[in-house]
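Given next are the chains, with one letter for each unit.
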Amino acid sequence: MKTIKPFIYRTVTLAALFLFYAVDIWARAGGGGGRSSSSSHSYGGGGSHGGGGGGGFFILYFLFAHPVLSLIIIAIIAAIYFFGKNKTGNVANRESYVAPSTPAEAFPEGLNPQKVETSFRNIQDAWQKKDLKDARRWISDGVYQRYTAQFAMMNKLSQVNKLSNIQVRGIRLAKTNIDGNYQTADVAVSFSMDDSFVSDKYPQFNESFQGDEDTEYWTFIKRTDAKAGKDLYSTNNCPNCGAPFDTKMGEISRCVGCGTLTNSGEYDWVLSEITQQDDYSAGNSLVKDTQLSDLTKNDNLFSVQRIEDVASNVFMQIMEVLTGDSNKKLARFADKDTADKILQIKAGETFIFDRLYLNDVSLIDYNTGNERLNLMFSLTATYQRVQPSGSTLRLLDAEMTTHSFSMVLSKNIKSLRTPEKETVYSYECASCGAPYNDTTDDTCTYCGEPVIDLNKNWVLTDFQMG
């Protein structure tokens, strides 16, 4: 949806879009299909992709060849346009942009509209700059990985997404839940903005949009036993020791002073998901699954939202490997058979993603085969693959398309009888907590423990495309 323009121009434009049935919009730092992530989402990161040529001639032909039908279509769209406005000519009641709370309830303790807006604006700024340093302390590892993967793709294509005229139209709580030892809160954020994708190196992909309006659902997570009175959004100091945060925080968001993991949910609400309105669902039934709760009852770090965040982290790292990142990264989270399967995919045609959006990650099932707890995830992602050739790009996909994936994360059931060690997934050793080096292969360089260990961490044991 765009900003209000002169009636004739807007009506004919909408009629043309109606005739074509082809509107692909992927924009903003939380957009791009959302669940975001998206994604968000978030979700994270967004942009836009236009269709092919030849449409203008077809529209003119249709309008002149079928004048009566064309007038009917234009009249219908005009009626919708006018009924969607209030008496002052503005878009009707901004509250309609935001899903109401069901049931109506106040924001949970420690979370409020001001904090949500701060996070929203900060993320938009981070997206433009391709730098998450000012947001790292209060975003989950999965959200961080989604953005950094997209930044890597944009850098390969010399792209930047410029955002302006950002207007927050409404913020409202949509849903709260208890998920293991965590609270979750879904907040509907309605907004409008202008955005432009720009590449000096590949200008054929440059696109610009004005007055883009949407609603996204931002999911925040916090431990039920979190310390009260802490605020990660309005201060640049560690909530535990008070030391200034290191602006170099990246994969691991630990305070350099005391080692506190700032985004654990122990101190404040952490942004864990960005979901587009079309992808949003009110919850996962496995949150209330009694058998799953019993299997994980001794692990006070387990929750459905948290393990979905791990799955999104894994997925984005796989996508980076497929586009040229080090194969050794797989050794941080995938068993050998699964890593080999992914590398077989990589052995095909080389490519880069021109826009990569993780729309949805959902824990859909589980089993206890092979004395493991095997968690099964369904994922959808939207992307377009391109192949650089000198100063031009060759399209491997004619347009942005959505693809389905599945993965399994496994852990030995016996290991679930003891609490999980709090580490940053695939970046810190699950045994000693030391950060992995970029060249890590089979063992931790500090304690010598295997990196892939079904007794210590969640291991990717299957990955399927399509």
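Above this text sits the structure in question.
Since this is a predicted model, take the numbers as computed values, not measurements. (Residues numbered from 1 in each chain as written. Predicted model: local features only at pLDDT ≥ 70, side-chain atom pairs only at ≥ 80, totals over all residues. Heavy atoms only, no water.)

**A closer look at the overall build of the protein**
We count it as follows: Helical segments are the DSSP runs of H or I of at least four residues, strand segments are the runs of E of at least two, and each set is numbered from the N terminus. Note on exposure labels: buried denotes an accessible area under 20% of the residue type's maximum, exposed denotes more than 50%, and partly exposed covers the range between, all computed with a 1.4 Å probe on protein chains only.
From N to C terminus, the protein includes eight helices and nine strands. Counting across all 466 residues of the protein, residues that qualify as buried make up 51%.

**Observations concerning helix α8 (residues 336-346)**
Applicable threshold: By construction, the arc corresponds to the directions joining the helix axis to the C-beta atoms. Contact definition: two residues touch when any of their heavy atoms are within 4.5 Å.
Where α8 is concerned, the buried positions are T338, A339 and I342. Down the axis of α8, the buried set is contained in an arc of 100°. They therefore lie on one face. The exposed set on the far side of α8, more than 90 degrees from its buried face, consists of K336, D337 and Q344. Elements that come into contact with the buried residues of α8 comprise α7 (304-322) and β9 (459-465).

**A word on empty space enclosed by the protein**
It is the rolling of a water-molecule-sized probe over the atoms that shows where space remains empty. Note the following rule: Whether a set of points on the 1 Å grid over the protein atoms alone is a cavity depends on a 1.4 Å probe fitting there but being unable to get out, while an open set qualifies as a pocket with protein on both sides within 12 Å along at least five of seven lines; lining residues are those with an atom within 4 Å of a point. Grid points are joined across faces, edges and corners, and a volume is the space filled by probe spheres set on the points. Note on residue classes: Ala, Val, Leu, Ile, Met, Phe, Trp, Tyr, Cys and Pro are nonpolar, Asp, Glu, Lys and Arg are charged, and everything else, Gly too, is polar.
Approximately 60 Å³ is the volume found for the largest cavity. In this structure, the largest cavity is lined by W127, Q150, M153, M154, F197, F353, R355, L356 and Y357. When contributions to the lining of the largest cavity are tallied by element, the ones reaching two or more residues are α5 (141-156) and β5 (352-367). Ranked by residue count, the leading element in the lining of the largest cavity is β5, at four residues. Of the residues assigned to the lining of the largest cavity, the class counts are seven nonpolar, one polar and one charged. Counted as a void, the second largest cavity has a volume near 30 Å³. Lining the second largest cavity are A430, S431, Y436, E449, P450, V451, D453, K456 and N457. Here the residues of the lining of the second largest cavity are counted per class, giving four nonpolar, two polar and three charged.

**Comments concerning the environment of I178**
With respect to the helices and strands, the residue I178 is situated in strand β1 (residues 159-179). Residue class for I178 comes out partly exposed when judged on its relative accessible area of 45%. The sequence separation of I178 and I221 amounts to 43 residues, and the corresponding C-alpha distance is 9.6 Å. Apart from the residues lying within four places of it in its own chain, the contact partners of I178 are Q183, T224, V287 and K288.

**Observations regarding unusual backbone geometry**
Phi at R355 takes a positive value of approximately 80°, unusual for a residue other than glycine. Phi at E371 takes a positive value of approximately 60°, unusual for a residue other than glycine. Positionally, E371 belongs in the loop between β5 and β6 (372-389).

**Quick notes on the packing of aromatic side chains**
Counted only if it meets this: Pairing of aromatic rings covers Phe, Tyr and the six-membered ring of Trp, with a centre-to-centre limit of 6.5 Å; geometry is then stacked below 30 degrees between planes, edge-to-face above 60, and tilted otherwise.
This structure, assessed with the given rule, holds 13 aromatic pairs. Note on F353 and Y383: the rings are 4.8 Å apart at their centroids and 65° apart in plane angle, and the pair reads as edge-to-face. Here F353, found in strand β5, pairs with Y383, found in strand β6; they are 30 residues apart in sequence, far enough to count as distant. The exposure class assigned to F353 is buried, which follows from its relative accessible area of 2%. Here the aromatic rings of F405 and F463 are separated by 6.0 Å at their centres, their planes lie at 25°, and the arrangement is stacked. Of the two residues, F405 sits in strand β8 (residues 401-412) while F463 sits in strand β9, which places them 58 residues apart along the sequence.

**Examining the sheet that holds strand β3 (residues 207-223)**
Our working rule: Only strands that DSSP links by at least two bridges are regarded as paired with each other. Only C-alpha atoms enter the line fits that serve as axes; for helices the fit covers just the stretch in contact. Angles between N-to-C directions range over 0 to 180 degrees.
Taken in spatial order, the four strands make up an open sheet running β1-β2-β3-β4, and their pairing is antiparallel. Two strands close off the open sheet at either side, each with one partner strand: β1 and β4 (270-276). Strand-to-strand, the axes of this sheet are offset by a mean angle of 25°, without reference to chain direction. Sheet topology note: the strand β2 (residues 182-199)/β3 ladder contains 15 bridges and is antiparallel. The partner of S190 across the bridge, within β3, is T215. Along the sheet, α5 makes contact with β1, β2 and β4, crossing β4 at roughly 60°.

**Focus: the nonpolar core**
Let me state the cut-off plainly: Nonpolar cores were defined as sets of buried Ala, Val, Leu, Ile, Met, Phe, Trp, Tyr and Cys residues, with membership established by side-chain atoms within 4.5 Å.
Counting residues in hydrophobic clusters, the biggest one holds 51 residues, and the most contacted among them are F315, I318, L375, F377, L409 and L460. For this core, the element with the highest residue contribution is α7, accounting for 11 residues. Setting aside chain neighbours within four positions, we find L375 in contact with L292, F302, I307, L363, D365, Y366, M407, V408, L409 and W458. A185, V187, V189 and Y233 belong to the second largest nonpolar core, which has 39 residues in total.

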